[in-house]
Amino acid sequence: MTQAVLGAAVGELVLGKKLGWRGAAWGAFFGTLPDLDVIALPFLDPAAGIRWHRGISHSILIMVAAAVALARPLARCHVAQGVKGREMGGMVFWAWSTHVLIDCLTTYGTQIFEPFSSERVAANLVFIVDPLVTLPLLVGLVLALRTESRQFAKRRKMMSLGIGVSCVYLGSALMMKFRAEDEISADFKLAHQQGVLIAVAPTSFNTILWRGLIETETGYFLTYWSPFDSGESTYEFIPKKRDLARAFEGEDALEALKWFSRGHWVAREGKDGRLVIIDMRFTEIRTPKSGMLQPIFQWHLDRDENGEVRAPMERPTGLDYPGAFGLLWRRIWGDRKNWDALEEF
C-alpha cells in the first residue's frame, strides 16, 4: 500500500495541476507496477521464484527505459490537457523509483542493478510494513484530492506536507538505527568475545525496538534494544544445524535460499519430517500461547514422487496475534520479562 500511495503522491505533484485526480491515479498505477512481478510466481520453480521477486522489475535500467519509452505514448492520451512527454516520463520515473527506494529501505532486499548484478540492496531502516510511513502520505493525498483542481497551490502544499512528515519519520528512523547499532555493538563486545554483528533492523511496525543479529561459527545470537531499556541486555542463541540440509546440497532451491538470505540461515526438521530453512535476517513473531519464537520467513523442503525438490514458503499458522502485538508493545517500553521467556526455534 505504501508504494501505491507514494506513487499517487508523485502523480499528484507532477500531473495534478493539469489532470486533477487522474494524475494521482497514474502515479498509483506506476507506483504499484513493479510488484506485479508476483503474477509470474505460480509459473516458476522454487529457485526461480525466489530470485524473481524484486528482481528485474525493480532495476534502475527498467525504470529508466520505461520512463523513456512510455513518455510520449502516455502524453498523447492527454493532449487536450496539455500534458507534455517530459512530464509524463518524469511521473513514470519518479513513481517507479520511489517504489524501489522504499523497498531498498527494508530488510527484504531489492535487485536494483539487474541485469548486471544480482546483489540485493537492503538498508534495514524500516519494517516491510510500517504504517507510520504510509499514514502521513495517505492523509496528505486525501486532503489534496478533496481540494478543487483550480486550487493547485493548496493541493501541492498539502501533498508536500504529507511527504515531508514521512521523510521526517524516516530521518528519525535513521538516527534510531545509528544509535541502536552503537548500543548493540558496544554491549555485545562486553558480553561475548566472539561473533560478528551482521545486521541491526527494526522490529515489526515500529522504529523504536531494534533487533541485533550476531553470527558465530555455530549459530546466531539475537538481542534487542530500545531507548527505554534498563539493566543488562539479554541474548538468545539459535544454533545453525546446517548439517540437516545435507540431502539438499547442490539443489537449486537450497542454493537460491542461501543467496536470498545472504548466507544467514539455519535449518530445522519440521514436525512433518520436511526440512525447514529459516532466514535469520527477518524478525520472528513471539506469541505467549505457543511458548516459542515463530520465524516469519521459512521454507519447507522435500521431494515429490519424481525426486524434484519442492520448497514452498510457509507462514506460521494459528498464531495469537493480539497476544504477540501486546508482547511487542510491552517490549518496546522496556519490559523484557515475557519477551525473553520464550524458547528458540
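See the structure above.
Described in the following lines is the structure provided in the data block. Bear in mind the structure is a predicted one, so any value in this text is a computation, not a measurement.

The rules behind each value
Residues numbered from 1 in each chain as written. Predicted model: local features only at pLDDT ≥ 70, side-chain atom pairs only at ≥ 80, totals over all residues. Heavy atoms only, no water. Helix = DSSP H or I, 4+ residues; strand = E, 2+ residues; numbered from the N terminus. Rg over C-alpha atoms; globule rule 2.2 N^0.38 Å. Buried < 20%, exposed > 50% of the residue type's maximum accessible area, 1.4 Å probe, protein only. Contact = heavy atoms within 4.5 Å. Core = buried A, V, L, I, M, F, W, Y, C linked by side-chain atoms within 4.5 Å. Pairing = 2+ DSSP bridges. Axes fitted to C-alpha atoms, helices over the stretch in contact; angles between N-to-C directions. Patch = residues over 30% accessible without salt bridge, like charges linked within 9 Å, V, L, I, M, F, W, Y side chains within 5 Å. Areas by Shrake-Rupley, 256 points an atom, 1.4 Å probe, with all protein chains shown as cover. Salt bridge = Lys/Arg side-chain N within 4 Å of Asp/Glu carboxyl O. Phe/Tyr/Trp six-rings, centres within 6.5 Å; stacked < 30°, edge-to-face > 60°.

We now examine the overall build of the chain. The helix and strand inventory of the chain stands at nine helices and ten strands. Whereas a compact globule of 345 residues would reach a radius of gyration of roughly 20 Å, the chain reaches 23 Å, a difference of no more than 12%. Principal-axis analysis of the C-alpha atoms gives the chain an extent of 65 × 55 × 35 Å. Sorting the 345 residues of the chain into buried and exposed places 49% on the buried side. Pairs at least 24 apart in sequence give 58% of the contacts found in the chain among residues at least 6 apart.

Moving on: the nonpolar core. Within the largest apolar cluster, 24 residues are counted, with the highest numbers of intra-cluster contacts made by Phe260, Leu275, Ile277, Phe297, Trp299 and Leu301. Broken down by secondary-structure element, the contributors of at least two residues to this core are α3 (46-52), α8 (252-260), β5 (265-269), β6 (275-279) and β9 (298-303). If you tally residues by element for this core, the top one is α8, at five residues. In this structure, Val83, Met91, Val100 and Cys104 belong to the second largest nonpolar core, which totals 18 residues.

Attention shifts here to the sheet that holds strand β10 (residues 309-310). Spatially, β5-β6-β9-β10 is the arrangement adopted by the four strands of the open sheet, whose pairing is antiparallel. The open sheet has two edge strands, β5 and β10, and neither has a second partner. Both β5 and β6 contribute to a ladder of five bridges, which runs antiparallel. Across the sheet, residue Glu269 finds its bridge partner in β6, namely Leu275. Strands in contact with α8 are β5, β6, β9 and β10; relative to β9, the strand with the most contacts, it is inclined by about 165 degrees.

Bringing a nonpolar patch on the surface into the picture now. A grouping of Leu36, Val38, Ile39, Leu41, Leu44 and Trp52 is seen on the molecular surface, where their side chains present a nonpolar patch of about 470 Å² in accessible area. Residue Ile39 is classed as exposed on the basis of its relative accessible area of 55%.

Before going further, it helps to spend a moment on unusual backbone geometry. With an omega dihedral of 5 degrees, the bond running from Glu114 to Pro115 counts as a cis peptide bond. Structurally, Pro115 is set in the loop between α5 (85-104) and α6 (131-145). Of note in the backbone geometry, Arg54 takes a positive phi value of approximately 60 degrees without being a glycine. Structurally, the position occupied by Arg54 is in the loop between α3 and α4 (60-76).

Along any regular strand, the residues point their side chains to alternate faces of the sheet. Covered by surrounding structure in strand β4 (residues 236-239) are Glu236 and Ile238 only, the residues Phe237 and Pro239 on the alternate face being uncovered. In the sheet, strand β3 (residues 219-225) pairs with β4 via four bridges, with the strands oriented antiparallel. Bridge pairing links Gly219 to Pro239 in β4.

Quick look at the packing of aromatic side chains now. The full count for this structure, using the stated rule, is 19 aromatic pairs. Look at Phe29 and Phe30: their rings are 5.0 Å apart centre to centre, the planes differ by 85 degrees, and that puts the pair in the edge-to-face class. Judged by relative accessible area, which is 43%, Phe29 ranks as partly exposed. We classify Phe30 as buried; its relative accessible area is 3%.

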